[in-house]
Amino acid sequence: QVQLVESGGGLVQAGGSLRLSCTASGRTFSSYTMGWFRQAPGKEREFVVGISWTGSRTNYADSVKGRFTISRDNAKSTVYLQMNSLKPEDTAVYYCAASLRRITTMRDEYRYWGQGTQVTVSS
C-alpha cells in the first residue's frame, strides 16, 4: 500500500509559477513510476507527465512541454511538478499517482492516487 499526499496548489495569475509536491509513505517509493494527472471541471482526468523510478526518463503531455518539469527525490519519497508560464487552461485539480509499470499515460495503470490539489490560474 502507498499513500500519496499532494501539496503546493493555489491561485496564481497567468504567466506565474507554482511547484507541486507529492510525498509518499508506505512501500518503497523508488520502485514506482510516478505520474501527475489533472482534471478540470466537466472534463476527464488527463495525463500531464510521468517519471521513471530512477528519474532518468520522463514523458510530457504536449500541452505542458516546455513549461512544466517533473522531478523526484527518492530519498525524500517525493515527486515534484514545477509549473511555469501558467495559463488559465491549466486550471484543474492536480493528482499524483504511482504505478508499478513503466511510464504510461494510461490512468488505469496507476494503482495509487493522492487526494488532489487545486490549481487555479486567473487571466
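Preceding this section is the structure that the text describes.
Here's what I pulled together on the structure shown here. (Residues numbered from 1 in each chain as written. Predicted model: local features only at pLDDT ≥ 70, side-chain atom pairs only at ≥ 80, totals over all residues. Heavy atoms only, no water.)

**Quick notes on the overall build of the protein**
Stage number 1. The secondary structure content of the protein amounts to zero helices and eleven strands.
Stage number 2. Starting at the N terminus and ending at the C terminus, the protein contains elements arranged as β-β-β-β-β-β-β-β-β-β-β.
Stage number 3. Relative to the compact-globule value of 14 Å for 123 residues, the protein shows a C-alpha radius of gyration of 13 Å, a close match.
Stage number 4. Oriented by its inertia axes, the alpha-carbon framework of the protein measures out at about 40 × 25 × 25 Å.
Stage number 5. The buried share of the protein, taken over its 123 residues, is 46%.
Stage number 6. For the protein, the share of sequence-separated contacts (at least 6 apart) that also reach a separation of at least 24 residues comes to 58%.
Stage number 7. When the accessible surface of the protein is totalled, it reaches about 6,400 Å², and 45% of it is carbon and sulfur.
Stage number 8. Side chains of the protein carry 15 positive and 9 negative charges; the gap between the two charge centres is 6 Å. (Helix = DSSP H or I, 4+ residues; strand = E, 2+ residues; numbered from the N terminus. Rg over C-alpha atoms; globule rule 2.2 N^0.38 Å. Buried < 20%, exposed > 50% of the residue type's maximum accessible area, 1.4 Å probe, protein only. Contact = heavy atoms within 4.5 Å. Areas by Shrake-Rupley, 256 points an atom, 1.4 Å probe, with all protein chains shown as cover. Lys, Arg positive; Asp, Glu negative; His and termini not counted. Charge placed at Lys NZ, Arg CZ, Asp CG, Glu CD.)

**Looking at the pattern of salt bridges**
Stage number 1. All told, the structure shown has five salt bridges when counted by the stated rule.
Stage number 2. With a shortest N-O distance of 3.1 Å, D62 and K65 are connected by a salt bridge.
Stage number 3. The residue R67 makes a salt bridge to D90 at a minimum N-O spacing of 2.7 Å. With R67 in the loop between β6 (58-60) and β7 (68-73) and D90 in the loop between β8 (78-83) and β9 (92-99), this pair connects stretches of sequence that are 23 residues apart. For the pair shown, R67 and D90 are each scored as buried.
Stage number 4. Each of R38, E46, R67 and D90 takes part in a single network of salt bridges with overlapping partners. (Salt bridge = Lys/Arg side-chain N within 4 Å of Asp/Glu carboxyl O.)

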